[in-house]
Amino acid sequence: MPESPRFDEIYAKLRRMLGGHAPDAELRYKAELASHILQLKREKDAVILGHNYMEPALYHTIPDYVGDSLELSRKAATTDKGTIVFCGVRFMAETAKIINPQKTVLLPSEKAGCSLAASITAEDVRALKRRFPGVPVVTYVNTYADVKAESDICCTSSNAAAVVESLNAPTVIFLPDEYLARNVAQATGKRILFPSLVATGEALPLDTVQLLGWHGRCEVHEKFAVEDIVAIRQEYPEVVVLAHPECSPEVVEAADFSGSTSAMIEYVQQTSAPRYLLLTECAMGDNIAAANPQKEMLGLCSVRCPHMNQITLEDTLASLEHGRYVIDVPEEVRVRAAQAVERMLAVGQKD
Ligand code: SF4
């Protein structure tokens, strides 16, 4: 592959950031891929959005914007480019399509799904609405478009509590992440119940419950345990532990800080602990360490997201070369899902 004009610049950046951790041949290979991607991106009038969980060589080279789901949703809503390449998972690319119906949205891998998004269907939501008529539905953005379409408003981990409070409703259905729902209940002082875990026909004490949840879980964050934190604190007494709100309430309680991926990054950048442990997809700690070599990051890297890790530089190059994989959302679903996403973005802007 011939080297494009930006190769030297990218290679120098990767060498500076990852030099102590990857062999030179690997850095050259990735810099070549990245320079081709950037060249194609210009030619095809594309913007690349990169989630905080992308691997360091991708994260630090090709995205125009990096961030958490909410930040990337906002960027997707304002881009003037004709094509959006989403280096993230399918539900994120769908969200970009929902708010940009005229644009081409590409996801570099067909296999980039999500256990949370797969935990609930549109029919599940319709059944809940039949069971609890008139109760508003808040849906985490980690869901597919047809589930969003059945919702009143979406939320992300960074604005979940604000979205629930914005409804001013006595009871709210909050889907589909069990742990995020429990953490929101704790943060807002609400009592939560899980109708999907109660036998049909059994009476529910709705007059004393403010949140109705679902049993979905992130297959990454559900694996972290309080014992992990205890063991790490024994080995590194000064460690500062950060947990994503998709972790269990017990883990969040045992951590020093809990927030969205971008909130965790900001926390590490603005504090100066001897070392940090991030309880989230391990690539994020690598990305912080690459950009902040003075920070010591610990990771539990045996726990990985198999979906986020589907997105590689190779697949992103192929995505731009071949225009794949195109994300489409049926217009009838898209219009209703867009209302839920736009309501969420409006709540965020009032923060
Ligand atoms: S980390 Fe969890 S919530 Fe995020 S994409 Fe992977 S499985 Fe889904």
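This text gives an overview of the structure that appears in the document. All values reported here derive from a predicted model rather than from experimental measurement. (Residues numbered from 1 in each chain as written. Predicted model: local features only at pLDDT ≥ 70, side-chain atom pairs only at ≥ 80, totals over all residues. Heavy atoms only, no water.)

Moving on, we get to the state of the cysteines. Covalent bonding between the sulfur atoms of two cysteines is what defines a disulfide. According to the stated counting rule, one finds 1 disulfide in the structure shown. In this model, Cys282 is linked to Cys301 through a disulfide, with the two sulfur atoms separated by 1.7 Å. Sign of the S-S torsion, about 70° for the bond between Cys282 and Cys301, identifies this disulfide as right-handed. Taken together, the positions of Cys282 in the loop between β12 (276–279) and α13 (283–291) and Cys301 in the loop between β13 (297–299) and α14 (313–322) put the pair 19 residues apart, joining distant regions of the chain. Classification of Cys282 as buried rests on a relative accessible area of 7%. With relative accessibility at 37%, the residue Cys301 sits in the partly exposed group. We note that Cys154 lacks a disulfide partner, and the nearest cysteine sulfur, in Cys155, lies 7.5 Å from it. For Cys154, a relative accessible area of 0% corresponds to the buried category. (Disulfide = S-S within 2.5 Å. Helix = DSSP H or I, 4+ residues; strand = E, 2+ residues; numbered from the N terminus. Buried < 20%, exposed > 50% of the residue type's maximum accessible area, 1.4 Å probe, protein only.)

Turning our attention to the sheet that holds strand β2 (residues 65–67). Pairing within the open sheet is parallel, and its 4 strands lie in the order β2-β1-β3-β4. The open sheet has two free edges, formed respectively by β2 and β4 (104–106), since each of these has just one partner strand. Taken pair by pair, the neighbouring strands of this sheet meet at an average axis angle of 20°, ignoring direction. Pairing analysis gives 3 bridges linking strand β3 (residues 83–87) to β4, with the strands arranged parallel. (Pairing = 2+ DSSP bridges. Axes fitted to C-alpha atoms, helices over the stretch in contact; angles between N-to-C directions.)

Turning next to the packing of aromatic side chains. The tally for this structure, following the rule as stated, stands at 2 aromatic pairs. Ring geometry for Phe7 versus Tyr11: centroids 5.8 Å apart, planes at 5°, classification stacked. In this pair, Phe7 and Tyr11 both sit in helix α1 (residues 7–18), 4 residues apart, roughly one turn of the helix. Neither residue differs from the other here; Phe7 and Tyr11 are each classed as buried. Against the face of Tyr11 rests Arg28, its NZ or CZ located 4.4 Å from the ring centre. (Phe/Tyr/Trp six-rings, centres within 6.5 Å; stacked < 30°, edge-to-face > 60°. Lys NZ or Arg CZ within 6 Å of the ring centre and 35° of its normal.)

The next point concerns the pattern of salt bridges. By the definition in use, this model includes 21 salt bridges. When the shortest N-O distance is used, the salt bridge between Asp24 and Arg28 registers 3.1 Å. Taken together, the residues span about one helical turn, with Asp24 and Arg28 both in helix α2 (residues 24–43) at a distance of 4 residues. Here Arg275 makes a salt bridge to Glu296, at a shortest N to O gap of 3.0 Å. One end of the pair, Arg275, is in the loop between α12 (261–270) and β12; the other, Glu296, is in the loop between α13 and β13, with 21 residues separating them in the sequence. Residue classification places Glu296 among the partly exposed residues on the basis of a relative accessible area of 34%. In this structure, a network of salt bridges that share partners links the residues Glu123, Arg126, Lys129, Arg130, Glu150, Glu332 and Arg336. (Salt bridge = Lys/Arg side-chain N within 4 Å of Asp/Glu carboxyl O.)

Our next topic: the sheet that holds strand β5 (residues 137–140). If you walk across this open sheet you meet the 5 strands as β6-β5-β7-β9-β8, and the pairing is parallel. Of all the strands in the sheet, the pair left with one neighbour each is β6 (153–155) and β8 (192–193). The pairing of β8 with strand β9 (residues 211–212) spans 2 bridges and is classified as parallel. Residue pairing for β9: Ile192 is matched across the bridge by Leu211.

We now examine the packing of α1 against α2. For the pair α1 and α2, interaxial distance at closest approach is 8 Å and the crossing angle is 135°. Overall, the two elements α1 and α2 adopt an arrangement that is oblique. Between α1 and α2 lies a crossing of right-handed hand. Between α1, through Phe7, Ile10, Tyr11, Leu14, Arg15 and Leu18, and α2, the contact on the second element is made entirely by Asp24, Leu27, Arg28, Lys30, Ala31, Glu32, Ala34, Ser35 and Leu38. Of the residues contributing to the contact of α1 with α2, the split by class is 9 nonpolar, 1 polar and 5 charged. (Parallel < 35°, antiparallel > 145°, perpendicular 65-115°, else oblique. Left-handed = near helix turned anticlockwise from the far one by under 90°. Contact = heavy atoms within 4.5 Å. Nonpolar A, V, L, I, M, F, W, Y, C, P; charged D, E, K, R; others polar.)

A separate point is helix α5 (residues 90–99). Within α5, 9 of the 10 residues are buried, which leaves it mostly tucked inside the rest of the structure. By the burial criterion, the buried members of α5 are Phe91, Met92, Ala93, Glu94, Thr95, Ala96, Lys97, Ile98 and Ile99.

The subject of this paragraph is the site of the ligand. Lining the immediate surroundings of the ligand are Tyr53, Val89, Cys114, Ser115, Leu116, Asn142, Cys218, Glu219, Val220, Glu246, Cys305 and His307. Here the residues of the shell around the ligand are counted per class, giving 7 nonpolar, 3 polar and 2 charged. (Near = heavy atom within 4 Å.)

It is worth spelling out unusual backbone geometry at this point. Residues Leu175 and Pro176 are joined by a peptide bond in cis, for which omega reads -10°. As for its position among the elements, Pro176 is in the loop between β7 (172–175) and α9 (178–188). Here Arg324 and Tyr325 are connected by a cis peptide whose omega angle stands at -5°. In this fold, Tyr325 is placed in the loop between α14 and α15 (331–349). Although it is not a glycine, Asp45 sits at a positive phi angle of roughly 55°. Turning to its location among the elements, Asp45 is positioned in the loop between α2 and β1 (46–51). Positive phi, close to 50°, is recorded for Asn168, a residue that is not glycine.

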